[in-house]
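# Observations on the model geometry
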Amino acid sequence: MSATQFKTDQILSSQYLCMVLLVDDQPMIGEAIRRALSGQSDIDFHYCQDPSRAVDLADKLRPTVILQDLVMPGVDGLALVQQYRDQAGTREIPVIVLSTKEDPGIKSAAFTAGANDYLVKVPDKIELIARIRYHSRAYIHRLQRDAAYEALRESQQQLVLKNLELSRLINVDGLTGLNNRRYLDEFAEIEWKRSIREGTGISILMIDVDNFKHYNDTYGHLAGDDILRRVGQVMKRCAERPADIVARFGGEEFVAILPNSSPDAPQAFGRKLCAAVEGLAIPHANVEPAVVTVSVGAVFRTPKSDDSLKSAIDAADAALYKSKRAGRNRVIVSE
């Protein structure tokens, strides 16, 4: 709960509309103000004779109005007003200063220090009550407005976070945590056009888990899902550059796109990935080697304006099938 909301709830939970804290070293003035406010069912009156306790008491009570004498022994009344303004809990509470005379210079100094109003004591009862109610209503309305703005701000922040999470979920494969096909298609098209515009190379790798159907038939589909997750984790680790993207293409197939890369990048990335997956040493019976492996087909292109992304992906896919036919667990880069 914010400080603004706390103050608002504290005031609204009270049976009184107005809470007045009088700070004056003279008990006679305290009694006069108490009598003036007696009989007002909407006003709760509190009196502080010791000005050194005024700021702490105001912070504890959170009144809607502070009435304060300007001339008290051992305390500068204007400095005390400034102390209210320096404290977070009392900064916005209206302060009505009480003076023994109508002096423009004193008034100016009081308003400069942060006072909201000025009365000559002992003020007329009707005027005093009217000013207390006016400042209290304005203060409470301000607290309610600030609380509403704070609630709106928090709601907007939560909405932004939820929208970000939704955007992430839309672009993420639920099983592996990699980017999904939807995001891959958008990213690949953007990077392909960038490569054409900037004249840079781009590498596309198609990756397939070897003998995956056999693995599922042998160990079950839950174990197969675990294999896909673990291969996805290895791919994330292999994609070291921030610009590289790895994604699940569908089923047991994955894709890696390496923007602004060199001709040797597909072979290097593919070999690193094959070694890392084989290094997991996940048993796979009745195949050679007897562990889970992947095959990789890749292509490197420095595309021109009349080259198509689809043709590059098809070339990488054809290289993947060559990798399978050549014995799996290897990388073949299309010419």
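Scope of this entry: the structure provided in the associated data block. (Residues numbered from 1 in each chain as written. Predicted model: local features only at pLDDT ≥ 70, side-chain atom pairs only at ≥ 80, totals over all residues. Heavy atoms only, no water.)

### Some thoughts on unusual backbone geometry
Going by this rule: Runs of H or I in DSSP of at least four residues are treated as helices and runs of E of at least two as strands, each being numbered from the N terminus. In this scheme, a residue with accessible area under 20% of its type's maximum is buried, one over 50% is exposed, and one in between is partly exposed, where area comes from a 1.4 Å probe on protein chains only.
For the bond running from Lys 121 to Val 122, omega is -5°, close enough to zero to count as cis. Relative to the elements of secondary structure, Val 122 occurs in the loop between strand E7 (117–120) and helix H6 (125–170). The phi dihedral of Ala 281 is positive, around 55°, even though this residue is not glycine. Mapped onto the fold, Ala 281 is located in the loop between helix H10 (265–279) and strand E11 (294–301). When its relative accessible area of 46% is taken as the criterion, Ala 281 is described as partly exposed.

### A word on the pairing of strand E1 (residues 18–23)
This is how the line gets drawn: Paired strands, in this sense, are two strands between which DSSP finds at least two bridges. If the strands point away from the viewer and the path from the first strand over the helix to the second runs clockwise, then the crossover is right-handed.
E1 sits mainly inside the fold: six of its six residues count as buried. Of the pairings in the sheet, the one linking E1 to strand E2 (residues 43–48) comprises six bridges and is parallel in character. Bridge assignment links Leu 21 to a residue of E2, and that residue is His 46. Following the chain from E1 across helix H2 (residues 27–37) to the adjacent parallel E2, one finds a crossover that is right-handed.

### Notes on the sheet that holds E11
Basically, it comes down to this: Axis definition: a line fit to C-alpha positions, over the contact stretch in the case of helices; interaxial angles, taken between N-to-C directions, run 0 to 180 degrees. Every residue pair with non-hydrogen atoms within 4.5 Å of one another is taken to be in contact.
Here we have five strands laid out as an open sheet, ordered E9-E10-E8-E11-E12, and mixed in their pairing. Each end of this open sheet is capped by a strand with a single partner; those strands are strand E9 (245–250) and strand E12 (331–334). Between one strand axis and the next, the sheet turns by 20° as a mean value, whatever way the strands run. Alignment of E9 against strand E10 (residues 253–259), held across five bridges, turns out to be antiparallel. Bridge pairing links Ala 247 to Val 255 in E10. In the packing of helix H9 (residues 221–238) onto the sheet, contacts are made with strand E8 (202–209), E9, E10 and E11, and the angle to E10 comes to roughly 10°. Lying on the sheet, helix H11 (residues 309–325) is in contact with E8, E10, E11 and E12; it crosses E11 at an angle near 145°.

### Side note on the packing of H9 against H10
Applied cut-off: Geometric relationships in this document are graded by angle, where less than 35 degrees denotes roughly parallel, more than 145 denotes roughly antiparallel, 65 to 115 denotes roughly perpendicular, and other angles denote oblique. Each crossing is labelled by how the near helix is turned from the far one, with a counterclockwise turn of less than a right angle marking it left-handed and a clockwise turn marking it right-handed.
At a closest axis distance of 10 Å, the pairing of H9 and H10 adopts a crossing angle of 140°. Judged by the angle between their axes, H9 and H10 are oblique. Helix-helix and strand crossings are classified by hand; for H9 and H10 the assignment is right-handed. Residues Val 231, Val 234, Met 235, Arg 237 and Cys 238 of H9 lie in contact with H10, whose contacting residues are Phe 269, Lys 272, Leu 273, Ala 276 and Val 277.

Remember that the coordinates give geometry; whether it matters functionally is a separate question.
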